[in-house]
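Geometric and topological summary
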Amino acid sequence: MAGNMWKAAKALDPAEVYNEKRRIIFSQMQKDSVVAKTWLEGYRNTLGPTGYAGLMAEIAFFEQYRKDLNLVVAADIGDATDFVGVVGGAMHRIDVTTNIAFKRLASYEPLQLEGALYKVAVYDKGHFDLVDINFPFCEHCQSGRILPTAVLLEESHYRHGDSQWSNDQLLVNICSACGEVEVADRITTPFLYDFQSLYRDLDEARRQAENLGEAPIDVGAEARAYARRAGRYLSDIFGTRLIAIGGKNYEITNPRDGDGYWTVKFEDHLPLVQEHLLDEYPWDLSIG
Ligand SMILES: [Zn+2]
């Protein structure tokens with residue numbers, strides 16, 4: 001009786017079940033991948049929906065990249081490594097996931113500190129996005145990571161005051177710990193407003209809707225959606241996956257005379273860096 005209970009409890013540990021089935025399937029993958037995949041179907045109930053989706057993604061990754069990246073199946077011993085392969089001429093540890101929102105930079109740091117390189121392979125509708133997470137460690141404070149972010153700037157004006165009908169946007173590498181910044185790129189975009197203008201417009205729309213008795217506007221949700229859209233757009237333009245996006249923000253410390261200081265305030269960031277990136281860092285105005 002006690003033995004059976006122990007067995008039942010053991011069988012229910014999803015990580016252990018996952019690793020056991022993974023070992024069996026990848027041993028078979030080397031011999032006959034078609035048979036291996038029929039076994040995966042057989043394990044579907046045992047694995048549960050999350051485990052099944054995860055293992056299916058790993059198999060798909062192995063099949064698609066085995067030759068190109070010279071993949072070796074890793075033992076998965078708590079080092080966030082499903083495969084080891086060669087990406088861009090360098091050996092990388094690769095973590096396959098169906099949802100990058102569950103990943104945290106901290107789980108890769110112990111080995112990154114020893115020089116290991118990682119990629120997160122994000123599975124989406126049959127394709128993989130190899131996300132680089134080898135953010136350099138900061139030379140100033142030694143503890144932070146240098147993260148690529150975008151800072152939206154307010155509308156540009158000519159010297160005589162007329163609007164240029166465009167905004168400049170910065171690609172800013174920022175240290176997550178000490179806030180040391182470097183502007184890596186600056187571009188001009190039409191119709192991509194900064195967050196202060198966005199909040200002004202949203203507040204105005206919210207008041208109007210209230211006065212007219214229309215459905216209420218969720219300013220926070222609208223701003224987050226805008227930040228995500230802008231982040232995707234600028235990631236394409238800058239050619240680097242942005243970790244966070246924000247704008248310049250004046251933080252008032254003395255309400256009587258309006259005294260305060262400028263900050264960069266992030267409106268959206270990848271969950272990957274949520275233990276690393278602060279919401280705000282002091283901003284040196286001479287930078288942009
Ligand atoms: Zn630093």
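Residues numbered from 1 in each chain as written. Predicted model: local features only at pLDDT ≥ 70, side-chain atom pairs only at ≥ 80, totals over all residues. Heavy atoms only, no water.

**Here's the deal with the nonpolar core**
- Counting residues in hydrophobic clusters, the biggest one holds 28 residues, and the most contacted among them are I133, I174, L272 and L277.
- Viewed by domain, this core spans two of them, domain 1 (2-132) and domain 2 (146-287), each represented by three or more residues.
- Ranked by size, the runner-up nonpolar core spans 25 residues in total, among them V17, L55, A60 and V96. (Core = buried A, V, L, I, M, F, W, Y, C linked by side-chain atoms within 4.5 Å. Buried < 20%, exposed > 50% of the residue type's maximum accessible area, 1.4 Å probe, protein only. Domains from an automatic or database assignment.)

**Looking at the domain arrangement of the protein**
- As assigned here, the protein comprises domain 1 (2-132) and domain 2 (146-287).
- Spacing between the C-alpha centres of domain 1 and domain 2 amounts to 37 Å.
- Roughly 780 Å² is buried in total at the junction of domain 1 and domain 2, and carbon and sulfur atoms are behind 63% of that figure.
- By the criterion of area lost to domain 2, the three top residues of domain 1 are I100, R104 and L105, representing 56% of everything that side buries.
- Counting the contacts that link domain 1 with domain 2 gives 2 salt bridges.
- One can count 3 residue pairs in polar contact (both at pLDDT 80 or more) joining domain 1 with domain 2.
- Per-class residue counts for the side of domain 1 that touches domain 2 are 5 nonpolar, no polar and 4 charged. (Buried area = accessible area lost by both parts, 1.4 Å probe. Salt bridge = Lys/Arg side-chain N within 4 Å of Asp/Glu carboxyl O. Polar contact = N/O pair within 3.5 Å; in protein donor to acceptor, adjacent residues only side chain to side chain. Nonpolar A, V, L, I, M, F, W, Y, C, P; charged D, E, K, R; others polar.)

**A short note on the coordination of the zinc ion**
- Taken together, C138 (SG), C141 (SG), C175 (SG) and C178 (SG) make up the protein donors of the zinc ion, found 2.2 to 2.4 Å from the metal.
- Coordination at the zinc ion is tetrahedral, judged from the 4 donor atoms that bind it and the angles of 104 to 118° they form at the metal.
- Motif for the zinc ion, donor spacing along one chain: C-x2-C-x33-C-x2-C. (Donors = N, O, S within 2.8 Å, 3.2 Å for Na, K, Ca; no water. Tetrahedral: all angles 85-135°; square planar, octahedral: opposite > 155°, others 65-115°.)

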